[in-house]
Amino acid sequence: ANGANGADGVDGADGADGANGVGVALVVDLLGCRPALELGDDGGAAALGAVLAALPKRVRRLTVRMCGPEMGCGASSSSHASADGSGRRLHLEIKPGLYHDVYPAADADLVVAMNAGVGVPQYYAMWGPTLDLLARRPRRGLLAVTAYTPGELVREERLLRYRWGLQLSLADAPGLAQELAALVAEQPPWTLSRDICVQRASGGEVRLRRGDVVVPANAQVGRPTARATGLPAVVRILPRADLAYVGPNPTPGRSRNYGKLLLWVGGTTGDHARHLPPGEACAARAA
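Residues numbered from 1 in each chain as written. Predicted model: local features only at pLDDT ≥ 70, side-chain atom pairs only at ≥ 80, totals over all residues. Heavy atoms only, no water.

Some words on unusual backbone geometry
Residue Pro189 is bonded to the preceding Pro188 through a cis peptide linkage, with omega at 15°. The topology assignment puts Pro189 in the loop between α7 (174-181) and β8 (190-191). Here the phi dihedral of Ala106 falls at roughly 45°; this positive angle occurs in a residue that is not glycine. Its location among the elements puts Ala106 in the loop between α3 (99-102) and β5 (110-113). (Helix = DSSP H or I, 4+ residues; strand = E, 2+ residues; numbered from the N terminus.)

Dropping the structure here:
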């Protein structure tokens, strides 16, 4: 419930939470909504009210923002008190249109794209502006994507991680080049067996973690990567910390929500020390 900004307080009476007087505001964005499925006859109040009731008591305000090209002609908003009399509030906001157009700040704690089709070739390009917006978020947040089939789920995980992976020149990363030299006989992707600090020629340091995945920068999802005859000049890092979950969806909701993918996106991707100034990232690792 803390989301990416667990320090967010709630003003007024909603800020009270037991003895410590602290409350948390949680913002959730739902993409690609349809009124008949997400709102129902009561405008979604009952279902979202149940979500608020299930959240930890320290969440004093839940804001749900729905958008999609099928959400009607006009924007609307409403606010509801929780049914249990606790003083917690549910705020619902609806805007027709695409996410990158109607919510350009992309500042929610959780962004949910239900059956988005990101892993479907004919839809992937259409998601480009929204995916780029999420990558530029100044604050790290969680993206949840559901899929129709196991194959689509796996493809979406790879597409998103390849798209958001960190590119590094091995000329700037001798420690990484040394690690990969022992792995180059194997077909990529390669998995790091130790932590590595990279001092970039452009300034700053990057901390790579054991378990991070490395692929040649020109690797493409759905196409076998040939066994390398030598080290590639540029590689792409897929941080293990970015992947929170991929697998079956235990609470499918819609009957066709087979699987679920949870990825951290934006902010300092993969590690809080990834883009620290010179000396600080490796010092943090050593500490």
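Description of the pattern of salt bridges
For the structure on display, the rule yields 8 salt bridges. Here Arg209 ties to Asp195 by a salt bridge, and the two come within 3.3 Å at their closest N and O atoms. Of this pair, Arg209 sits in the loop between β10 (205-208) and β11 (213-216) while Asp195 sits in the loop between β8 and β9 (196-199), and the two are 14 residues apart along the sequence. When its relative accessible area of 24% is taken as the criterion, Asp195 is described as partly exposed. Here the residues in one salt-bridge network are Asp29, Arg65 and Asp107, joined through shared partners. (Salt bridge = Lys/Arg side-chain N within 4 Å of Asp/Glu carboxyl O. Buried < 20%, exposed > 50% of the residue type's maximum accessible area, 1.4 Å probe, protein only.)

Overview of helix α6 (residues 150-164)
Here α6 is 15 residues long and its end C-alpha atoms lie 22 Å apart, about the 21 Å a rise of 1.5 Å per residue gives. Every buried residue of α6 is listed here: Glu152, Leu153, Glu156, Glu157, Leu159, Leu160, Arg161, Tyr162 and Trp164. (Expected span 1.5 Å × (residues − 1).)

Describing the confidence of the model for the protein chain
Averaged over every residue, the pLDDT of the protein chain is 80; the share at 70 or more is 76%. The model gives residues 1-21 a pLDDT under 50, and that stretch makes 43 contacts with residues more than four places away or in other chains. Every residue in residues 270-281 is under pLDDT 50, and counting partners more than four places away or in other chains gives 35 contacts. (pLDDT = per-residue confidence, 0-100. Contact = heavy atoms within 4.5 Å.)

What to know about empty space enclosed by the protein
Tallied over the entire structure, the rule returns 2 cavities of 30 Å³ or more. Roughly 60 Å³ of internal volume is contained in the largest cavity. Leu160, Arg161, Trp164, Gly165, Leu238, Pro239, Asp242, Leu263 and Trp264 together form the lining of the largest cavity. Broken down by secondary-structure element, the contributors of at least two residues to the lining of the largest cavity are α6 and β14 (259-265). For the lining of the largest cavity, the element with the highest residue contribution is α6, accounting for 3 residues. Quantified by volume, the second largest cavity comes out at close to 50 Å³. Forming the boundary of the second largest cavity are Leu31, Ala113, Ala116, Val118, Trp127, Thr130, Leu131, Leu134, Leu143, Val145 and Leu160. (1 Å grid on protein atoms, 1.4 Å probe; cavity = no way out; pocket = protein on both sides within 12 Å on 5 of 7 lines; lining within 4 Å. Points joined across faces, edges and corners; volume = space filled by probe spheres on them.)

Side note on the nonpolar core
Counting residues in each nonpolar core, the largest one holds 25 residues, and the members touching the most others are Tyr99, Leu134, Leu143, Leu160 and Trp164. Elements supplying a minimum of two residues to this core: β1 (24-31), α3, β5, α5 (128-135), β6 (141-147), α6 and β14. In this structure, Leu134 is in contact with Tyr99, Ala106, Val111, Leu143, Trp164, Val265 and Gly266, ignoring residues within four places of it in sequence. Counting 20 residues, the second largest nonpolar core, distinct from the first, contains Leu26, Leu48, Val59 and Ala144. (Core = buried A, V, L, I, M, F, W, Y, C linked by side-chain atoms within 4.5 Å.)

Describing the sheet that holds strand β7 (residues 166-169)
Taken in spatial order, the 4 strands make up an open sheet running β7-β12-β11-β8, and their pairing is antiparallel. With one partner strand each, in any of the chains shown, β7 and β8 form the two edges of the open sheet. As defined by bridge partners, β8 adjoins β11 across 2 bridges and the pair is classed as antiparallel. Bridge pairing links Thr191 to Val213 in β11. Contacts from α7 reach β7, β8, β11 and β12 (234-238) within the one sheet, and its direction differs from that of β12 by about 85°. (Pairing = 2+ DSSP bridges. Axes fitted to C-alpha atoms, helices over the stretch in contact; angles between N-to-C directions.)

Considerations on the sheet that holds strand β2 (residues 59-68)
Spatially, 8 strands are ordered β3-β4-β2-β1-β5-β6-β14-β13 in an open sheet, and the strand pairing comes out mixed. The open sheet terminates on both sides in strands that have one partner only, identified here as β3 (76-81) and β13 (243-248). The average angle at which neighbouring strand axes cross in this sheet is 15°, direction not considered. In terms of strand pairing, β13 meets β14 through 5 bridges, oriented antiparallel.

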